[in-house]
Amino acid sequence: MKKWLKMLCLAVGVSMIISACGGGNSDNAGSSNSGSGNSSSGSEQSASSGETKSFEIKAKNWAFEPTEIRVNKGDTVEIKLVNEEGFHEVEIKGYGKKIKADESITFTADQTGEFDFICSVFCGTGHDDMIGKLIVE
């Protein structure tokens with residue numbers, strides 16, 4: 001009887017492990033769907049009526065280059081952040097966009113105005129001087 005009970009417990013345990021692995025696959029399918037959500041965001045960008053404009057922001061202690069980026073409303077904006085000195089990240093106020101070190105973002109400039117971009121990681125005594133402007137006309 002003990003041997004039979006051990007075999008039953010083993011079978012139940014194996015079946016739980018297999019079903020747990022199957023559940024992981026459906027989670028991956030969900031991730032794939034959220035990836036296609038990003039694709040729809042990409043098609044939203046390609047639906048914009050403007051041009052694609054690419055920029056590289058170089059960050060060093062304690063400055064950005066360039067300090068001003070100009071685009072037109074409806075443009076698709078690609079920005080890459082390159083850390084030349086120190087560790088910096090960029091936050092574009094009013095757009096809710098963040099660029100991590102040595103990464104890029106793409107978005108549609110759908111609001112007109114002047115939007116500060118700042119270093120979002122405290123980087124030392126000159127941190128508050130790290131300000132630039134995104135100007136959307």
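The structure under discussion appears in the preceding block.
So, here is what we can say about the structure in this document. Numbering of residues begins from 1 in every chain and follows the order in which that chain's sequence is written. Under the rules for a predicted model, residues below a pLDDT of 70 receive no local features and side-chain atom pairs below 80 are neither given nor counted, while totals for whole chains, interfaces and linings still include all residues. With hydrogens and water stripped out, all remaining heavy atoms of the structure feed into the side-chain values.

As a further point, take the environment of G86. With respect to the element layout, G86 can be found in the loop between β4 (76–83) and β5 (90–92). Three labels apply to residues, based on accessible area from a 1.4 Å probe with only protein chains included: buried if under 20% of the type maximum, exposed if over 50%, partly exposed otherwise in between. Of the residues examined, G86 reaches a relative accessible area of 47% and is grouped as partly exposed. Remark: the alpha-carbon pair of G86 and C123, spanning 37 residues in sequence, is separated by 7.3 Å. Where helices and strands are cited, they refer to DSSP runs of H or I of at least four residues and of E of at least two residues respectively, numbered from the N terminus.

Most of the time, phi is negative for any residue but glycine, and the peptide bond is trans. That bond from N61 to W62 is cis: its omega, 5 degrees, falls within 30 degrees of zero. Relative to the elements of secondary structure, W62 occurs in the loop between β1 (52–60) and β2 (63–65). The residue after E65, namely P66, is reached through a cis peptide bond having omega 0 degrees. Its place among the elements puts P66 in the loop between β2 and β3 (68–71).

Strand pairing is defined by DSSP finding a minimum of two bridges between the two strands. Two elements, β3 and strand β9 (residues 131–136), share four bridges in a ladder whose sense is parallel. When the sheet's bridge partners are listed, R70 is paired in β9 with I135. Pairing between strand β8 (residues 113–119) and β9: six bridges, direction antiparallel. Paired with G113 across the two strands is V136, which belongs to β9.

The next subject is the side chain of H127. For H127, the position within the fold is in the loop between β8 and β9. As used in this structure description, the phrase polar contact means that two N or O atoms lie within 3.5 Å; if the pair is within protein, one of them must be able to donate a hydrogen and the other to accept it, and residues adjacent in sequence are counted only when both atoms belong to side chains. Only 3.5 Å separates the side chain of H127 from the backbone oxygen of C119, close enough to count as a polar contact. Only heavy atoms matter for contacts: two residues are in contact if any of them lie within 4.5 Å across the pair. Beyond its immediate sequence surroundings of up to four residues, H127 is in contact with W62, C119, V121 and F122.

This part takes up the packing of aromatic side chains. Only centres within 6.5 Å qualify two rings of Phe, Tyr or Trp (six-membered ring in Trp) as a pair; their planes then separate them into stacked at under 30 degrees, edge-to-face at over 60, and tilted for everything else. Under the definition given, this model contains three aromatic pairs. Arranged with centres 5.4 Å apart and planes meeting at 55 degrees, the rings of F64 and F117 form a pair that is tilted. With F64 in strand β2 and F117 in strand β8, this pair connects stretches of sequence that are 53 residues apart. For F64, a relative accessible area of 6% gives the class buried. Residue F117 is classed as buried on the basis of its relative accessible area of 1%. Taking the centre distance of 5.2 Å and the plane angle of 50 degrees together, the rings of Y95 and F107 count as tilted. Remark: F107 occurs in strand β7 (residues 104–108) and Y95 occurs in the loop between β5 and β6 (97–99); sequence separation between them is twelve residues. Exposure class is identical for Y95 and F107. Each is buried. Members of the aromatic cluster, connected to one another through ring pairs, are Y95, F107 and F115.

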